[in-house]
Structures are given as structure tokens and as C-alpha cells.
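Each chain is listed here by its residues.
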Amino acid sequence: MEKFPFVVFMEKLYKYTTHKGVQKLKYLPKCSATALSSTWTLTAAHCVNNENVALETESLFIRYNTTGELQRKKILKGILSPNRQRRNIANDISLVKTDSIQLPFYAKLSSVDYTTLIGQEAILLGYGKTHTSYEKDPGTNYTLKMMDVMLMKCKSLPFIKIYIRICTVPKCGVSEFLCPGDSGGTVLHSSGVIGVHSASLRCFQPKNSPLFGRFNYASIDIPVSPYLDWIRNEITRD
């Protein structure tokens, strides 16, 4: 969407050989992300956690579209948040540095403490397999989707320990939630970007599961306000 040029998409380059021995390249969808500047992008840590070798072999790219033509820039390196813990998804936020991405404008990070935003409205943005009852065909083609949601405090979540988190719920009577490919996506408030999409329970639960009905979350997100100093320090240090 032209209104949100800073919401970008991460892809992984896959090299394969056909049965006729011809080598081909294919870009596979991976995660969503938020461009903070021409060279720095914010996403979920689990999107880049195991990609150190891949980065050296030029396999991760940021895809964006500003002039009607699809463009890709190589991800040069990823920086995980302090105390990143893969097993419990704690601190699931990271920065990636890229070759220059030229956009009309970049995302503004909110400096508002996320704990004061409970009960306020926000927008979720991502390129994943978003499920929404507004569409007959849930988003499977990795085009940018937008959801209107309310911010809330997360209940205790089974099997998931995210120590710093905020949850979103859809409007009353609406069934919608984020799915794979939306990880790293943007949680946008009127004050700016307030979070990074980290996880979703409903995507992986059958509709007859008690968890599906109990946790009506559109997304489980990592707020940016606790990491603002880290983000600024990393960007200015490099």
C-alpha cells in the first residue's frame, strides 16, 4: 500500500537444480519487517536467528515496491536484541542492515511507553497468510494486509513465554488473526510504530481446540519502547 511504504517483506533466496540439470533461483517468503531508514529495518529476531551463514551467501533479501516495480536489497547483517532467548521467544526483536532502500518515507518509532497504550486502537500490517473474515479468500498471496485492532495486556499464554509483550484483539464480531509470514510485521499506533509481530496462537490451533476460542488474539507482539535505546545505539554505532 502506498500509505505504508515502510512495511517491507523478507525473502530467502533458494537455489535449486531442475531434473534437466538447469540451475534456477527462487525467492521464498519468510517474514514481514519495518524499514526505519534506507539501511536499517526492524523485524522479529526469530526471522534472522539462524541465518548467519545464509547472510554470508547472499540468501536473505528485503523486498519492496515504490515505483510499481518489485525491488530487492540484500541483507548484510542481522543484530539480535540483548538477551535474546530462542527457546521461549523472549526479546524477539532484531535489526537488519541492508543495501540502500529508497522509500518516500520511513517508519517513525513511537516513544510512548507501551504499558500506557492498553485499550487504544492500532493497525497491524504484514505480508503473511493473514486470516480475516472480511475476505472470502484468506491472504495467501503475500500482499500487504491491514487490520484494525485494540491493544490489550496479554493473559498467561500456554507454551509461550514472552516476558515483554503486548497483545491485540480484533473488533467485536470480527474473526481475524496474523499467520506465518506476518512475523516481524508492524504494529502501528497514532504515535508511531509501537511493536513487532512475534507470534500467533490461533494459526496453529484447529477451530475445535479450546485454545482457539480462549485466546482470541489477532497477534502477540514485542513492544518497541523497552528497546528504543538499543535500537538507537546500534543504528548510530554502525
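Residues numbered from 1 in each chain as written. Predicted model: local features only at pLDDT ≥ 70, side-chain atom pairs only at ≥ 80, totals over all residues. Heavy atoms only, no water.

The name an unreviewed UniProt entry assigns to the protein is Peptidase S1 domain-containing protein, from the organism Pieris brassicae.

A.B. asks: Can you help me understand the overall build of the protein in this one?
C.D. replies: Along the protein, the regular secondary structure elements total three helices and 14 strands. Here the protein holds 238 residues, and 51% of them are scored as buried. Considering only contacts in the protein between residues 6 or more positions apart, those separated by 24 or more positions represent 67%. (Helix = DSSP H or I, 4+ residues; strand = E, 2+ residues; numbered from the N terminus. Buried < 20%, exposed > 50% of the residue type's maximum accessible area, 1.4 Å probe, protein only. Contact = heavy atoms within 4.5 Å.)

A.B. asks: Looking at this structure, I do not really get the sheet that holds strand β14 (residues 219–223). What am I missing?
C.D. replies: Note on sheets: strands pair through backbone hydrogen bonds, and any given pair is parallel or antiparallel. Spatially, β7-β9-β10-β14-β13-β12 is the arrangement adopted by the six strands of the closed barrel, whose pairing is antiparallel. Neighbour-to-neighbour, the strand axes of this sheet turn through a mean angle of 40 degrees, independent of strand direction. Bridge count between strand β12 (residues 186–189) and strand β13 (residues 192–199): four bridges; the pairing is antiparallel. By the bridge assignment, Leu 188 is partnered in β13 with Val 193. (Pairing = 2+ DSSP bridges. Axes fitted to C-alpha atoms, helices over the stretch in contact; angles between N-to-C directions.)

A.B. asks: Can you walk me through the packing of aromatic side chains in this structure?
C.D. replies: Each pair of aromatic rings is reported with the distance of its centres and the angle of its planes. Under the criterion given, the structure shown has four aromatic pairs. With a centroid separation of 6.2 Å and 80 degrees between ring planes, the pair formed by Phe 4 and Phe 6 is classed as edge-to-face. Comparing Phe 4 with Phe 6 shows no difference in burial state: the two are buried. Across from the ring centre of Tyr 127, 5.7 Å away, lies the NZ or CZ of Arg 63, which sits over that ring. The residue whose ring lies beneath Arg 72 is Tyr 27, and the NZ or CZ to ring-centre distance is 3.7 Å. (Phe/Tyr/Trp six-rings, centres within 6.5 Å; stacked < 30°, edge-to-face > 60°. Lys NZ or Arg CZ within 6 Å of the ring centre and 35° of its normal.)

A.B. asks: Honestly, the sheet that holds strand β3 (residues 40–43) in this entry has me stumped. Any pointers?
C.D. replies: Here six strands make up a closed barrel; going around it, the order is β1-β2-β3-β6-β5-β4 and the pairing antiparallel. This sheet shows a mean twist of 45 degrees between the axes of neighbouring strands, independent of strand direction. In this structure, strand β1 (residues 7–17) lies alongside strand β4 (residues 60–65), joined through four bridges in antiparallel fashion. By the bridge assignment for β4, Met 10 is matched with Ile 62. In the packing of helix α3 (residues 228–237) onto the sheet, contacts are made with β3, β5 (70–80) and β6 (94–98), and the angle to β6 comes to roughly 20 degrees.

A.B. asks: Explanation requested: the confidence of the model for the protein in the structure shown.
C.D. replies: Do not read the predicted coordinates in detail wherever pLDDT is low. When the pLDDT values of the protein are averaged, the result is 79; 73% of them are 70 or greater. Overall, residues 132–139 carries pLDDT values under 50, and its contacts beyond four positions in sequence, including any with other chains, amount to 13 contacts. (pLDDT = per-residue confidence, 0-100.)

A.B. asks: Can you walk me through the nonpolar core in this structure?
C.D. replies: Across soluble globular proteins, nonpolar side chains show a tendency to be buried alongside one another. Membership of the largest hydrophobic core comes to 37 residues, with the highest contact counts inside it found for Met 10, Leu 42 and Ile 93. Of all the elements in the fold, those that place two or more residues in this core are β1, β2 (23–35), β3, β4, β5, β6, β13 and α3. Per-element tally for this core: the top contributor is β1, with four residues. Contact partners of Ile 93, with chain neighbours within four places excluded, come to Leu 42, Thr 43, Ala 44, Ala 45, Leu 80, Ser 81, Val 196, Ile 222, Val 224, Tyr 227 and Trp 230. Ranked by size, the runner-up nonpolar core spans 11 residues in total, among them Leu 117, Ala 122, Met 147 and Val 149. (Core = buried A, V, L, I, M, F, W, Y, C linked by side-chain atoms within 4.5 Å.)

A.B. asks: Would you explain the pattern of salt bridges in this entry?
C.D. replies: A side chain of one charge can pair with a side chain of the opposite charge when the charged atoms of the two come close. Evaluation of the coordinates by the stated rule reveals three salt bridges. Taking the shortest distance from any N to any O, the salt bridge between Glu 11 and Arg 63 comes out at 3.2 Å. One end of the pair, Glu 11, is in strand β1; the other, Arg 63, is in strand β4, and 52 residues separate them in sequence. Both residues of the pair, Glu 11 and Arg 63, count as buried. (Salt bridge = Lys/Arg side-chain N within 4 Å of Asp/Glu carboxyl O.)

A.B. asks: Would you take a moment to explain the environment of Asp 238 for this structure?
C.D. replies: Position of Asp 238 relative to the elements: it lies in the segment after α3. With 141 residues separating them in the primary sequence, Asp 238 and Lys 97 have C-alpha atoms 9.5 Å apart. Not counting chain neighbours up to four residues away, the residues in contact with Asp 238 comprise Trp 40, Lys 77 and Lys 97.

A.B. asks: What exactly am I supposed to notice about the state of the cysteines here?
C.D. replies: Cysteine pairs can be linked by a disulfide, which is a covalent bond between their two sulfur atoms. All told, the structure shown has two disulfides when counted by the stated rule. Cys 154 shares a disulfide with Cys 167; S-S distance 2.0 Å. Across the S-S bond linking Cys 154 and Cys 167, the dihedral sits near 110 degrees, which makes this disulfide right-handed. Here Cys 154, found in the loop between β9 (145–152) and β10 (166–170), pairs with Cys 167, found in strand β10; they are 13 residues apart in sequence, far enough to count as distant. The exposure class of Cys 154 is buried, given its relative accessible area of 9%. (Disulfide = S-S within 2.5 Å.)

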